[in-house]
Amino acid sequence: MSIVNILIQSTLVALYLFLAICIGLLFMGIARKVTARIQNRVGPPIYQNFIDVGKLLAKKTNIKHNWIFDFAPLFALAGVLLALAYLPMGGYKMLSGTGDLILLLYIIAIPALGFALGSGASANPNAGVGVMRALTLMLSYEMPFLLVLLALMIFYNTASLSTLLEKQMSFAWGIVALPISALAADIALQGMMMEKPFDIPIAPHEIASGPLVEFGGKYLGMLMLYSAGSVVLETTLFVDLFLGGGVVLNPATYGVVAYVVNYLVWFALIFVVWMIAVFINAVFPRFRIEQAFKFYWKWPTVIAAIGLAQAYIMSVFLGVIP
Amino acid sequence: MEILGIFGIFVLVPLIGSVIAYLFRKYAVAVAAIFAAVPSIALYPFYDTNVSRIINIGVKLNLTLDPTTWFFMLMLDTLAFSALLFAIPYIKKAQGNFATLILVALAGANGVLMARDFLSLYIFWEMMSWATYLLILRKSGEYARRYLLFGVLSAYFIIMGIGIVYYYTGSFLYSATTGIPMSGWFWILLFLVLGFGVKMAVVPLHVWAPYAYCAEQPFVAFLSGGLSKLGTFGILMAMYSIAGISILQGFGTFRGVSLFGYPFALLGAITAFIGTVLAIFQDDLRKLLAYSSIGQLGYVMVGLGLGTSLALGGAIFHAFNHAFFKSLLFLGAGAVIYRTGKYKISEMGGLGYKMPFTFLFVLFAIFALAGIPITSGFISKWMLYEAAIAKKFVFIAPLMLIASVGAFLYCFRILYGVFLGQLSEEHKDVKEAPAPMLAAMFILMLPLVIFSIVPGWILGWISKILVSMGLKPLEYSTFAYYSPIGNANMLIMWIAFMLLFMVSMIIFMMKKARVVDQLDNYLAGEAPTQVQLHAAHNFYKPLKDTWAPVLKYSINRAYEKFSQFFVEGFKEIRKMYTENPQDYAAYMGIAFLIFVLVGWWLL
Amino acid sequence: MMVQPVLLIALPLFFAFLLPLISLWSKKVLKYVVMGVMAFNAILAFIVLIEALKAPIFDIIAGFQPPLGIVLMVGPLGAFIALVINVAAFVISLYSATVTKEPLLKYYMLSLLILMGATGMVLTGDLFNLFVFLEVTSIAAYGLASYNKDRKGFEGALKYVIMGSIGSSFVLIGIAIIYAQLRTLNMLDIATRLGEMDPYTKIVAFVSLFLGFGVEAEMFPLNAWVPETYDGAPHPVSAMFASMSAKSGIFALARVIFTIFAFSNYLWFVVIMGILTVFFGEIIAYVQKNIKRMLAYSSIGQMGMIIMGLGIGTVLSVQGAFFQMFSHAMGKALLFIAAGYMIYAAGTDRMDKMKGIGRNPLIGIPLLIGILSIMGMPPFIGFYGKFYILMGGFQQGYYAIIALFLAASIVEVAYYARFIKIAFEKSERKYPAPNIWVYAPLIIFAIIIVLFGIYPKPVMDILSHVAAFLAGGA
């Protein structure tokens, strides 16, 4: 790869990442509007989150408790961008050729850990409780989610996301091949995105937004960017895993047109996934954390296990090789 | 030294050092650190060589220093040196004992690594074992006793294994194991793996570990990081060097994995899971780390059991990583305990503000433990996962994966409970750990970072080990590594991370921030006194409540009941000695009759 | 320099009867005289060992032919055990200096006699003399066992007398049967003409001798006297019993099995006796609260291990058994001396009252070395014996027995670890510091244990003669 090529690729990745953050902010705005309409309110305009971020980042007074506090915005934003960079978006592989699903899985932990560190560094007990809930929730939803990932990796016999997309394109989308796993994954996704009924860690009425409690100004602004990135990250993850990443045209034959079309399809798909989460969020009350744990380790896990069994049987006994 | 060669440098120097250090009394640990440094430095000329020597002390000790030994020795000797360096300020009482025993344990460990016959293996193994026992004894007799019982159990398993080899071959040499039938191999390997497995604290033989790891922290760092790797080394040698892959395959295979190894891999995955779950609920920092150690070594066991190139390479690499990050964690815990005198996580808090360097080192260790990709801890876990997934093992892989998620939970417990959160009033004046401690921790942190950027170096060493055992080499380049189903390039990841970090740094630097007091908080309407608490007591209570029905079963209690049963029996047997001479005379007559009758009957 | 092995027996005997004369001159000098004699005897034993390593020594004393004369048959192994006994005797005699109770004269006379008897049992090549020396040893031992003149001492001694005399009678019966059939008492002679004996009678003779010496060798179930006698006797005497009379008894047993009867097809029976001895010894030791009793039962366990080693009967295991005799003589003597000090310092023999007694390094370090050696940890001498016995067992394929043995060993480790735990526990209590007569023997034993543990080559060289011994040699 020549230097020029690398530069072009990096610029493209940067563009995609910038767009992803923007999409995230937009989605959050849409979610607020949609939720408001469902609850028969007017709601803010959908660009409200852009304004919020801009205002927060421009604030003159910013306070912090100590130097570890800075970890939160730095690691959270950098980490979520890094994770996004490893996700194919609309058929564009980004970096996913040089790192597979397992790497991605652990990169996703970087922003979360940084966020947890920063919020833990405040002396506010609410923050500690919030992180505890977040981690417990993570342990809860990861159980079905990991089984789902395993089913995919076993069935498609690859851990690489870009290969997974190619195989989905040539064989069948994950949701067609492994519908049971897709169901489990979507339930897990609700927890991963911390939408109701699983918004336990950030429960504003119980623990004053939990981990976020001590952040303000540029800290909160950057963390909002992180949240926006997370929305895209999580929805894209689902789309990449089960909906073929939105790839409908093969870039090898259609060139730039394929990228544009795929991007639009991908956008539509993540929007659909996001809307499902938002709808559920709008109508459900909140679980307690132990209920969430019990719930996730019960039904979604069973569903995911059935999905895994299906993948296993198809791959090992029936010899279906995508 | 030339006369005795590798025996002199790696066994005799620490042994002689142990005697000399004892005489220095107040400076014993410092002197011992120098003696421990000798073998760690002397190791470098031996890179990629193959030196053998036979020492005759009445029994012949066959010693060899080959790449496998070199790799493990690099790890152990560095750890021993760091632990002793750390111990210079830490150990205040009876320095002589400590220094002596650590050096004896080091000599024993080096001997185990170099031994190429079972007799010397056993000699050095036991030497290491009792030195460990005495070191734990410094802290608590009861803990030491539990350790010793399991240590001896392990030794006797090994003896059974050795004995069966001896029955078939009449020789103690590793290389003389030809002509043993498969049934013999089964028992040999079973006993050896169980014996070494005790040292690796594989469930259900793990109950000694949480007690033993409560001893003095620098030693525990060496025990958990270093000496437990001897179990790894032992299993590696037993299964892949002494028996060899063809014999393992001879037990039958399941998708290319030996049927002998598979149950142990499964056991390892279960160990990883149980260790992790128990670690989440501990409040004693040392016990938390102990259970975490059990869990992490479970991963290693998985790799050893699966035995494909990728899995075995992952196991060796993970053992290496675990050696460094777990020692670092124990040393970090030691530094905190040294400064505060507390063991309970819930009684600490906020120390990261006062001990920033210790916090940073521990943070790195925790990144490695949790498998965050900016440390080498990720790579070994990656290899193990991919090895299991590539072979489509649907029980092992999810257990490992979920255990690793659980690891996040207890990792954060350490970070938050000890270093973050509220700094309590009594710890207002805590100072940063002394310089030797920081130096020791820094040494341990280095490989974790270096090998995450340049995994090719260490993968090259590991690959050499695998090739010497007749397995396929690993697929790797300087910065990237590959499995049948995936790949990862660390250089690209690092560069991308650095660039993106700079991006967020730029956004961050645009505005300045002001530092306020830790209690200047958003209180959500609570009275300020209400929030003056460090929310670390019973941290995962909701989770604990949901696990309660399972947690009430304890393997430890089962052992205690078991031993209680036997002690009752012993008391009954004791009644046979009635203290009445007439009975004794009668015993004698009966014995005479039985002997004569049996003798005649046999004629 | 050629040294007559008979000096080893004659010297203690001579001085034993010279002691009353010396005591007329000065009572204080007695202990130094005894130490000197024993040291000199140990040096003699060393020279004899060097001689015997070249070729076995056969010595007929004063020209009398057997059975009247004393025939000595000193092979390398016999000389080795004699050296072990003499060295142990010398070091224990240092500790004997702490005995202050009168009549000291008798104490020293008896201790010289027990040395003479034990050495004689090892060196003699004549069955009847073996009996005579056994009696000398036993009678001296009875006297020493009751030396404290308290209830415990008398009770222990009485039981010892009962068991010992039954044992001696068995030996006598065995000898009588053999003599009646073969008209000879020379061991090698008996061995060559064994075929002439009626097989049924032969078994009775073997069993009689086996059981007779089994009493001294602490074999199950003839060892019931051991705990009480060891407990009741003065502390140095317990050490003597463990390292001298028991060792001579077990060597006599080895002589009976290998030199005289050269049995091989009944050896599994000996193995079973050995494993039973180990098993009961270790198990009962676990429930003891009294330190000397615990050590006594542990001693039984160790002797059982030696019997097992003899019974397994391969070169390796018999080497192990002899090594174990050596290591047990050193280790157990050390422990009994340490126990003696502890009982004195703590003022009680109950282990749970001895918290923190080992924290004085002068006691603690030798104590740990002794215990680790007895447990069979390398690089202490206790390891090689145990390991060789086990490997010998594996050679013969006695897997189940070895597994049982190892289980018993874990019990052993458990009770010693419990003792260590108490001895090294933190405690406020101050104990009197040991004087030189206590820590000097401890340190000497500890040095021997470590030295030969790290470099066992000299011992291994001597034990390479085991093959010849098994083949019916000296």
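Residues numbered from 1 in each chain as written. Chains lettered and ligands numbered in written order. Predicted model: local features only at pLDDT ≥ 70, side-chain atom pairs only at ≥ 80, totals over all residues.

Enquirer: What's the story with the nonpolar core in this structure? I'm lost.
Expert: For soluble globular proteins, nonpolar side chains are generally found buried alongside one another. Of all hydrophobic cores here, the largest spans 589 residues; its most connected members are B:Ala32, B:Ile102, B:Met400 and C:Ala333. At 23 residues, the largest contribution of residues to this core is made by helix α6 (residues 125–156) of chain A. When sequence neighbours within four positions are dropped, the list of residues in contact with B:Ala32 reads B:Gly17, B:Ala21, B:Leu84, B:Ala99, B:Ile102 and B:Leu103. (Core = buried A, V, L, I, M, F, W, Y, C linked by C-beta atoms within 7 Å. Buried ≥ 20, exposed ≤ 12 C-beta atoms within 10 Å, placed from the backbone. Helix = DSSP H or I, 4+ residues; strand = E, 2+ residues; numbered from the N terminus. Contact = placed C-beta atoms within 7 Å.)

Enquirer: How should the interface of chain B and chain C be read in this particular structure?
Expert: For interface size, the figure often reported is the accessible area lost on association. Contact with chain B, which involves 45 residues of that partner, is made by 52 residues of chain C. Looking at the side of chain B that touches chain C, the elements with two or more residues in it are α5 (118–137), α6 (141–169), α22 (555–574) and α23 (581–602) of chain B. The greatest single-element share of the side of chain B that touches chain C, amounting to 15 residues, is contributed by α6(B). A breakdown of the residues in the side of chain B that touches chain C according to their chemical character gives 34 nonpolar, 5 polar and 6 charged. (Nonpolar A, V, L, I, M, F, W, Y, C, P; charged D, E, K, R; others polar.)

Enquirer: Sorry, what's going on with unusual backbone geometry here?
Expert: Glycine aside, a negative phi is what most residues show, and trans is what most peptide bonds show. Cis geometry marks the peptide bond from B:Val203 to B:Pro204, where omega comes out at 5°. Mapped onto the elements, B:Pro204 comes out in the loop between α7 (182–199) and α8 (208–212). Unlike most non-glycine residues, A:Asn40 shows phi in positive territory, near 65°. Looking at where A:Asn40 falls in the secondary structure, it is placed in the loop between α1 (3–38) and α2 (48–57). In this structure, C:Glu218 takes a positive phi of about 60° despite not being glycine. Mapping C:Glu218 onto the fold places it in the loop between α8 (199–216) and α9 (225–232).

Enquirer: How do you make sense of the interface of chain B and chain A when you look at a structure like this?
Expert: Contacts between the two partners involve 64 residues from chain B, matched on the other side by 68 residues from chain A. Sorting the residues of the side of chain B that touches chain A by element identifies α14 (351–354), α16 (377–390), α17 (396–419), β6 (487–489), α20 (490–509), β7 (514–515) and α21 (541–551) of chain B as the ones contributing at least two each. Of the residues belonging to the side of chain B that touches chain A, the class tally is 46 nonpolar, 12 polar and 6 charged. Pairing between strand β1 (residues 63–64) of chain A and β7(B): 2 bridges, direction parallel. Paired with A:Lys64 across the strands is B:Val515, a residue of β7(B). (Pairing = 2+ DSSP bridges.)

Enquirer: What exactly am I supposed to notice about the pairing of strand β1 (residues 51–56) of chain B here?
Expert: Side-chain positions along a regular strand alternate between the two faces of the sheet. Residues and elements named next belong to chain B. Sheet topology places β1 next to strand β2 (residues 60–65); 6 bridges connect them, and they run antiparallel. The residue bridging Ile 55 from the neighbouring strand is Leu 61, located in β2. What sits between the antiparallel neighbours β1 and β2 is a turn of 3 residues, in which Gly 58 has the positive phi angle 115°.

Enquirer: Even after reading the chapter, I still don't get the environment of A:Val256, so can you show me in this structure?
Expert: All names here are of chain A. Structurally, the position occupied by Val 256 is in helix α13 (residues 256–283). Accessibility expressed as a C-beta count within 10 Å gives 8 for Val 256, which makes it exposed. Separated by 85 residues in sequence, Val 256 and Phe 171 place their C-alpha atoms 23 Å apart.

Enquirer: Would you explain the confidence of the model for chain C in this entry?
Expert: On average, residues of chain C score 86 in pLDDT, and 96% of them are at 70 or above. Interface confidence for the predicted complex, expressed as ipTM, amounts to 0.91; the pTM equals 0.92. (pLDDT = per-residue confidence, 0-100.)

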